[in-house]
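Residue strings, one per chain:
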Amino acid sequence: MIFAKKERLLRISKNRVLGVCIYVQEQHVSWLTDVLLQEILQAIKPKLHDKIIECKQETRTASAFQVAYYIDKASRSSQVLLQEPIVKDEDTQINEDDSQFSYSALYATLNALILVPEPFDPNNTVALPEMLNINIE
């Protein structure tokens, strides 16, 4: 089975992000839209904090999808620099030499969320691919 891998960052607090690795079977790549990915993340969000602590596999099913997910240790920790425009109001004085943007750091957690989404099929259960070499106890 051939999988395509997509990587995203999921903001989990004001200054923390969680790396997300999405493994999608090649025939389902066009099926997984950004809107559907948001639905999947909303579906697993209530249990996400517990999974960061437990590190065990979980599955979730909805009418449009089924997903297996797992929290794994990240291979590296990193920072993301977020560029935001400065909001001007009547009292703000900005010189032409000043930057029009402010920067804030987002820190990546030492964990990564592994997602394996598929279209819902009542005859087929979704599971983490063996190629990930994840041992679940």
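Above this text is the structure in question.
The present account deals with the structure reproduced in this document.

Parameters and conventions
Each chain carries its own residue numbering, running from 1 in the written order of its sequence. Side-chain atom pairs in this predicted model are given and counted only at pLDDT of 80 or more, local residue features only at pLDDT of at least 70, and totals for whole chains, interfaces and linings cover all residues. Just so you know, side-chain values use all the structure's heavy atoms and leave hydrogens and water out. Only DSSP runs of H or I with at least four residues qualify as helices, and only runs of E with at least two residues qualify as strands; both kinds are numbered from the N terminus onward. Burial status follows relative accessibility: with a 1.4 Å probe on protein chains alone, a residue under 20% of its type maximum counts as buried, one over 50% as exposed, and anything between as partly exposed. Contact criterion: two residues are considered in contact whenever any of their non-hydrogen atoms come within 4.5 Å of each other. Each accessible area is a Shrake-Rupley estimate made with a 1.4 Å probe; only the visible protein chains count as cover when residues are assessed. For patch building, the residue pool is restricted to those with more than 30% relative accessible area and no salt bridge; the joining distance is 9 Å between like charges and 5 Å between nonpolar side chains (Val, Leu, Ile, Met, Phe, Trp, Tyr). Here, a salt bridge means any Lys or Arg side-chain nitrogen found within 4 Å of an Asp or Glu carboxyl oxygen. Whenever a nitrogen or oxygen atom comes within 3.5 Å of another N or O atom, the pair is scored as a polar contact, on the condition that within protein one atom can donate a hydrogen and the other can accept it, and that pairs from neighbouring residues in sequence are kept only if both atoms are in side chains. Only buried Ala, Val, Leu, Ile, Met, Phe, Trp, Tyr and Cys residues count toward a nonpolar core, and they belong to the same one when joined by side-chain atoms within 4.5 Å.

## A word on the overall build of the protein
The number of helices and strands found in the protein is 1 helix and 6 strands. Shown N-terminal to C-terminal, the secondary structure of the protein runs as helices and strands in the order β-β-α-β-β-β-β. Counting only residues that meet the buried cut, the protein has 32% of its 137 residues in that class. Within the protein, counting contacts between residues at least 6 apart in sequence, those at least 24 apart form 59% of the total. Of the roughly 9400 Å² of accessible surface on the protein, 48% is carried by carbon and sulfur atoms.

## A few points about the environment of Ile 86
With respect to the helices and strands, Ile 86 occurs in the loop between β5 (79-85) and β6 (101-119). Sequence separation between Ile 86 and Ser 102 is 16 residues; the distance between their C-alpha atoms is 6.1 Å.

## Digging into a nonpolar patch on the surface
On the surface, a nonpolar cluster with roughly 340 Å² of combined accessible area is contributed by Leu 81, Phe 101 and Tyr 103. Inspection of the secondary structure assignment puts Phe 101 in strand β6. For Phe 101, a relative accessible area of 36% translates into the label partly exposed.

## Looking at the environment of Glu 7
Secondary-structure assignment places Glu 7 in strand β1 (residues 3-11). Sequence spacing of Glu 7 and Gly 19 is 12 residues, and the spatial spacing of their C-alpha atoms is 7.3 Å. Each residue touching Glu 7, except ones within four places of it in the same chain, is listed here: Val 20 and Cys 21. At a separation of 3.1 Å, a polar atom in the side chain of Glu 7 contacts the side chain of Lys 5.

## Looking at the nonpolar core
Formed by 19 residues in total, the largest nonpolar core has its most connected members in Ile 22, Leu 32, Leu 41, Ile 44, Val 67, Leu 113 and Leu 115. At the level of elements, β2 (16-25), α1 (34-54), β4 (65-73) and β6 are the ones that each hand at least two residues to this core. The element that contributes the greatest number of residues to this core is α1, accounting for 7 residues. If sequence neighbours within four positions are ignored, Val 67 has contacts with Ile 40, Ile 44, Glu 58, Thr 59, Arg 60, Leu 115, Val 116, Pro 117 and Val 126. Cys 21, Ala 68, Ile 114 and Val 116 belong to the second-largest nonpolar core, a separate cluster that totals 8 residues.

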